[in-house]
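Each chain is listed here by its residues.
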Amino acid sequence: MPETTGTAIAIEAKMAGGIYALNRFLMTLQNKRMPVKNLEVNMGEEETKATIRLDCPHETARRYMSLLELLEDVHEVWEPGN
Amino acid sequence: MENTAHKADFDSFDNFDNFDNHPAIEYKPRIGSEAMCEALLDEGIEHLFGYPGGAIMPFYDALPDYPLKHVLTRHEQAAAHAADGYARATGEVGVCIATSGPGATNLVTGLATAMMDSVPMVAITGQVGRPAMGMDSFQETNVMGMALPFTKHSFLVEDPDELYPTIRRAFEIARSGRPGPVLVDVPKDVQFAACNDNGYRRLKEAVPPIASPGLEAAALLLKKAKKPIILAGHGVTLAGAELELVRLAEKTGTPVVTTLLGLSAISNDHPLYIGWPGMHGQASVNRAIDKCDLLFAVGMRFDDRITGNASKFAPNAKVIHIDIDPSELGKVVKPTVGITADAKAAMRGILGHLDSVEDNCASWREEIKKSQESEKMHEETARPEYGPIRIMDAIKEIAGDEVRLVTDVGQHQMWSAQFFKFTKKNSHITSGGLGTMGFALPAAMGVALAYPDEPVWVVAGDGGIQMNIQELATIRDMGLNIKVAILNNGYLGMVRQWQQFFHNRRYSSTPMTGPDYEIFAAAYGLAGKTIHPGGDIEEAVKWANETEGFAIVDFHIDSEANVYPMIPSGMSVSEMIEEHA
């Protein structure tokens, strides 16, 4: 498991709608053992929005962001406020 | 697809003039399975490796009408490995086909193998019909879900009109950026359904930018370094950046080492090539990395078999890390300069910043050379003995410079990497990341189909060869030119070695028997030979090389021969186990 900080970093992602894109997104979180502290999902038919809070250093979180961004049906990943 | 109705009309010029309005021409609606074949043809696919079954039958029904060459393997896992071998050897996307349920689950090991080594592949699976999905129907599995961790992307195509664009897109994903396998699962009724040509549209473009400040910074570090090392990985081969690698090394006088999958990215004859690091790499190479002040890592991911204890890896070095996958930068080793880019583009960019370079590392090269003297002497002493070094030498000498070596997984794989002299670009094919036993024989089928006139040798252990040995039937049917050297020690050798070192010689379930390979090959109508200790290795290799098509040589080697040196898992270069230590 990656180093934890006790301070969660929020990441938001927009992806294609439907269960398949969400499934792939969740599998990636689990597959890469991302330290997910909290997860909120708003699944729609056209688009799904997920907010995750990662308990890891900022640099690690950015690496995870680029990994999620590379997924075929993820449209956008960003840090709220940035 | 040949249309005989059209052909007849071309017989006279008058008919040709009226071709567009000719009443005899009948257009039948295209169905899903035809769209699948058309997509494959439009991708320039020539060979497919697969195994038919209930849910993929419409595709197999359409297949004979298209100029696609299907290779019927004897197991779906072998189809995946053969497609993988084809892709690794050619740089093109390999294609494998299976039916639903067990056909698809049998592909998983092949998909995971390709995923770990970034091999572009498209797997097409049949699925039960849409009305039967989710009903625990006969031969139903959630293939798309199952494949998620082992693929770059996976599709389930439920709309027949989406078949053609999805398959085209699967190829695009497989080959773009960091390559990898993509799965397309197609329900049987979708394969039967009429569909329109929706054309092909790109869904998402991901062109990794090249950070020019990073390139300049990397060039500056290279100019200043006194003890630099270039560590080249599979990404160099995937990008076709072998020339750039050599130019960068020569321009800066930097010694080059490669990962296991990077072997053959630079000729072993090149004076700047010093070897191969990691768990079973040369001690001198591991020590050089330990001492270097700059590590230029390109197209590699700091696998644990390279780093051992990552916190103690290259402790004195600044690190330049170039990888096309941004998520690899900082994953294991924190780079001083990280560059997300294709290896070729990045090295070209860096070379552009290296107009004038002083050779700061002559004494460093001398230091490395001296540290390698005792190793080379030791190797020279062992060379004439019966064993792995002599077998590797014989294959190289007799099969020649054009030979491609496909290795399985285990001790023989490490001996091949250590002792075979790779001088031809992309001539080393092996399962590095996943370490899949049973990979070599079917992967070699893909290599041999891609290069039928070039020598292909498989080096395997007596464990791995038995995992996909049913493929001898495929090899015979296809008349493939493959030679096999089994390094037979009557054990699962690498596991036995670990048991010897770390489990007090408790050889639990590692002694292993197998068939008489000579008789076994004969049962398939193929040629085989057994060579016992003291036997004539060179004569046997020569015999195999001169045998038309397939030949297998079963070399019985020392049952307790070990691979040295060895850095135990998770440890550092200071804890390396060396021979006679």
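Higher on the page you've got the structure.
What comes next concerns the included structure. (Residues numbered from 1 in each chain as written. Chains lettered and ligands numbered in written order. Predicted model: local features only at pLDDT ≥ 70, side-chain atom pairs only at ≥ 80, totals over all residues.)

Let us now look at the overall build of chain B. For chain B, the helix and strand inventory stands at 24 helices and 18 strands. Against the compact-globule benchmark of 25 Å for 581 residues, chain B has a radius of gyration of 26 Å, which places it among compact chains. With respect to the three principal axes, the spread of C-alpha positions in chain B is 85 × 60 × 55 Å. Burial status across chain B gives 53% buried among its 581 residues. By sequence separation, contacts in chain B at least 24 residues apart represent 75% of the contacts at least 6 residues apart. (Helix = DSSP H or I, 4+ residues; strand = E, 2+ residues; numbered from the N terminus. Rg over C-alpha atoms; globule rule 2.2 N^0.38 Å. Buried ≥ 20, exposed ≤ 12 C-beta atoms within 10 Å, placed from the backbone. Contact = placed C-beta atoms within 7 Å.)

Within a sheet, adjacent strands bond to each other through the backbone by hydrogen bonds, running parallel or antiparallel. All names here are of chain B. Taking strand neighbours across the sheet as the criterion, the six strands line up as 2-1-3-4-6-5 in an open arrangement whose pairing is parallel. The open sheet has two edge strands, strand 2 (69-72) and strand 5 (153-156), and neither has a second partner. Taking each pair of neighbouring strands and ignoring which way they run, the sheet shows an average axis angle of 20 degrees. Along the sheet, helix 7 (residues 108-116) contacts strand 3 (94-98), strand 4 (121-127) and strand 6 (181-187); its crossing angle with strand 6, the most-contacted strand, is approximately 145 degrees. (Pairing = 2+ DSSP bridges. Axes fitted to C-alpha atoms, helices over the stretch in contact; angles between N-to-C directions.)

Taken together, the contacts link 14 residues of chain B with eleven residues of chain A. Those elements that provide at least two residues to the side of chain B that touches chain A are helix 8 (143-147) and strand 5 of chain B. Looking at the side of chain B that touches chain A residue by residue, the class counts come to eight nonpolar, four polar and two charged. (Nonpolar A, V, L, I, M, F, W, Y, C, P; charged D, E, K, R; others polar.)

Let's shift gears to the packing of helix 18 (residues 388-399) of chain B against helix 19 (residues 411-419) of chain B. All names here are of chain B. Direction vectors running N to C along helix 18 and helix 19 enclose 60 degrees, while the axes themselves pass 10 Å from each other. Relative to helix 19, the element helix 18 is oriented oblique. For the pair helix 18 and helix 19, the sense of crossing is right-handed. For the pair formed by helix 18 and helix 19, the contact residues are P388, I389 and M392 on the first element and H412, W415, S416 and F419 on the second. (Parallel < 35°, antiparallel > 145°, perpendicular 65-115°, else oblique. Left-handed = near helix turned anticlockwise from the far one by under 90°.)

Before going further, it helps to spend a moment on helix 19 of chain B. Residue and element names in this part refer to chain B. Most of helix 19 sits out of view: seven of its nine residues are buried. Buried residues of helix 19: Q411, H412, Q413, M414, W415, S416 and A417, and no others. Residues of helix 19 that are buried in the fold lie against helix 18, strand 13 (404-407), strand 14 (428-430), strand 15 (456-461), strand 16 (482-488) and helix 22 (493-502).

Glancing now at the environment of B:Y564. Residues and elements named next belong to chain B. By the element assignment, Y564 lies in the segment after strand 18 (551-556). Along the sequence, Y564 and A78 sit 486 residues apart, while their C-alpha atoms lie 31 Å from each other. In contact with Y564, other than residues within four places in its own chain, are E578 and E579.

All names here are of chain B. One open sheet holds the six strands; their spatial order is 9-8-7-10-11-12, and the pairing between them is parallel. The open sheet terminates on both sides in strands that have one partner only, identified here as strand 9 (273-275) and strand 12 (337-340). When strand polarity is set aside, the average angle formed by the axes of neighbouring strands in this sheet is 20 degrees. Pairing between strand 7 (residues 228-232) and strand 10 (residues 294-298): five bridges, direction parallel. Pairing of P228 across the sheet is with L294, part of strand 10. Those strands touched by helix 14 (residues 283-291) are strand 7, strand 8 (256-258), strand 9 and strand 10, and its axis lies near 110 degrees from that of strand 9.

The next subject is the packing of helix 5 (residues 76-90) of chain B against helix 20 (residues 440-450) of chain B. All names here are of chain B. For the pair helix 5 and helix 20, the least separation of the axes is 6 Å and the interaxial angle reads 45 degrees. Considering their axes alone, helix 5 and helix 20 lie oblique with respect to each other. Remark: the crossing between helix 5 and helix 20 carries right-handed chirality. Facing A78, H81, A82, A83, D84, G85, Y86, A89 and T90 of helix 5, the residues of helix 20 in contact are P442, A443, A444, M445, G446, V447, L449 and A450. Residue composition of the contact of helix 5 with helix 20, by class: twelve nonpolar, four polar and one charged.

So, about the pairing of strand 3 of chain B. All names here are of chain B. Of all five residues making up strand 3, five are buried, and the element is well covered by its neighbours. Burial along strand 3 is two-sided: G94, C96 and A98 facing one way and V95 and I97 facing the other are all buried. Direction of pairing for strand 1 (residues 47-50) relative to strand 3: parallel, over a ladder of two bridges. Each bridged residue has a counterpart across the sheet, and for F49 the counterpart in strand 3 is C96. Bridge count between strand 3 and strand 4: five bridges; the pairing is parallel. Looking at strand 4, one finds that A98 is bridged to T125.

This paragraph deals with helix 18 of chain B. A turn of α-helix holds 3.6 residues, and therefore any two residues three or four places apart point the same way. Residues and elements named next belong to chain B. Across its twelve residues, helix 18 extends 16 Å between first and last C-alpha, which sits within 8% of the 16 Å expected from 1.5 Å per residue. The set of residues buried in helix 18 consists of P388, I391, M392, A394, I395, K396, I398 and A399. Along its buried surface, helix 18 packs onto helix 19, strand 15, strand 16, helix 24 (537-546) and strand 18. Once helix 18 ends, the next one or two residues include G400, with phi positive near 95 degrees. (Expected span 1.5 Å × (residues − 1).)

Attention now moves to the pairing of strand 1 (residues 9-16) of chain A. Residues and elements named next belong to chain A. Note that strand 1 and strand 3 (residues 47-54) share eight bridges and pair antiparallel. Across the sheet, K14 pairs through a bridge with K49, a residue of strand 3. As paired elements, strand 1 and strand 4 (residues 74-78) share four bridges and run antiparallel to each other. From the neighbouring strand, K14 faces strand 4, where its bridge partner is E76.

In this section: unusual backbone geometry. The phi torsion of most residues other than glycine is negative, and most of the peptide bonds are trans. All names here are of chain B. A cis amide bond, omega -10 degrees, links Y564 with the succeeding residue P565. Within the secondary structure, P565 is located in the segment after strand 18. In this structure, A314 is a non-glycine residue whose phi angle is positive, near 45 degrees. We note that N426 has phi near 50 degrees; this positive angle belongs to a residue other than glycine. Along the chain, N426 falls in the loop between helix 19 and strand 14.

Core analysis: the largest hydrophobic core is formed by 182 residues, its most contacted members being B:C96, B:L111, B:V122, B:L295 and B:A444. In contact with B:C96, other than residues within four places in its own chain, are B:F49, B:G50, B:A79, B:A80, B:A83, B:L107, B:G110, B:M121 and B:A123. (Core = buried A, V, L, I, M, F, W, Y, C linked by C-beta atoms within 7 Å.)

This part takes up the environment of B:K188. Residues and elements named next belong to chain B. Here K188 shows up in helix 10 (residues 188-192). The exposure class assigned to K188 is buried, which follows from the 23 C-beta atoms found within 10 Å. Distance in space between the C-alpha atoms of K188 and Y451 is 34 Å, their sequence separation being 263 residues. Setting aside chain neighbours within four positions, we find K188 in contact with A55, P58, G126, Q127, V128 and G129.

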